[in-house]
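# Fold and geometry: a report
So you can see what is in the structure, the chains are spelled out below.
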Amino acid sequence: MGFWLRRLGRLVVVLICVSFFSYLLLDLLPGDPVTTIAAFAPASVRDKLKHDAHLDEPVYEQYWHWLSNFSHGNLGNYYRSSGVDKVAPDVSSSLPVSLQLMLYSLILTVLIAIPLGVFSAFWEGTWFDRLVNATAFGAIAFPDFALGLVLAYVVGVKLRWLPPGQYAHPSQGLVKHFRSMALPAISLATGQIAGYMRLLRTDMIATLQEDFITMAKAKGMPSRHILWRHALRPSSLTVLTVAGLNVGALIGGAVVIEVVFQLPGMGLLLASNIRAQQFIAVQSIVAILAIGYVVVNTLIDLLYMKLDPRVRSMAALR
């Protein structure tokens, strides 16, 4: 119980720090934030911005007001020449799209990287291993957005196999939805697949030389059973750790891919708000992405304990 309370306390402290640094984005703006955000807005809109952001108060009081609103779902407003609009509805409609993209990318990564890593280690040094490694090197070296542009042009425009940038909501039909998400998910997953495959391959090669694997072979266990039941689990811990650390790269990649394919997710929303200098909205979006990163990493830590008995034992002793 004490361990879990400490973990929870640590998570709360990290979330407060993350939200504070996200809030400071507004404070770091050069010059007057009101002039930067609402340069061409009428005086009434500029006065509302000054009042909503509590700009005449100390930074810690500004942060407290912002955190209180943020925790209650008030993500601020857009301050435009046409008037004031809420940010929350746009985030509510964009967040599911980004989560879908990252989920599909993650599923593709797991389905492809794990078998490739396992078989590449099992057939180490063969033509299959060399081919998979060479392809992985190329995939890692090729940026996500460049692959996205190539796929959008070749597969979407030239061959017309898949739509290059027309998002379809699941309510419009699952087939249409998956077709619209296929190219973005492949673009985002390719680099992840290559990286995870190489990590898993390296760990599997080391695990397959352990004594307990030799013992399993001596008992006459089939290779498939040894690979998937005995070797994969201890070999997956490094991949899991890197997966947690790589969530930030996944979020960053999703932001760029959404812009390339014009997917109406958090990335496109963030980019459009940066261009429009709506930094109140940028502040909230960055905070949501950062909090998501922290929460996912905490869940990975918990999963790590589930997979590794040594970590469980150490946690029980604390």
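My aim in this report is to walk through the structure given alongside it, one point at a time. Note that the coordinates shown come from a computational prediction; the quantities given were computed from them, not determined experimentally. (Residues numbered from 1 in each chain as written. Predicted model: local features only at pLDDT ≥ 70, side-chain atom pairs only at ≥ 80, totals over all residues. Heavy atoms only, no water.)

Quick look at helix α4 (residues 59–71) now. Taking 1.5 Å of rise per residue, the 13 residues of α4 would be expected to cover 18 Å, and the 18 Å separating its terminal C-alpha atoms lies within 8% of that figure. Buried residues of α4: Q62, Y63, W66 and F70, and no others. Along α4, the residues classed as buried sweep out an arc of 95° about the axis, all on the same side. Set apart from the buried face of α4 by more than 90 degrees, the exposed residues are Y60, W64 and S71. Of the residues flanking the end of α4, it is G73, one or two places downstream, whose phi is positive at about 85°. (Helix = DSSP H or I, 4+ residues; strand = E, 2+ residues; numbered from the N terminus. Expected span 1.5 Å × (residues − 1). Buried < 20%, exposed > 50% of the residue type's maximum accessible area, 1.4 Å probe, protein only. Arc of directions from axis to C-beta.)

Sheet topology places strand β1 (residues 77–80) next to strand β2 (residues 83–86); 4 bridges connect them, and they run antiparallel. Paired with N77 across the strands is K86, a residue of β2. Where β1 folds back onto β2 in an antiparallel hairpin, the turn is made up of 2 residues. (Pairing = 2+ DSSP bridges.)

Okay, the environment of R275 next. Relative to the elements of secondary structure, R275 occurs in helix α12 (residues 266–275). As for R275 and V239, which are separated by 36 residues in sequence, their C-alpha atoms are 36 Å apart.

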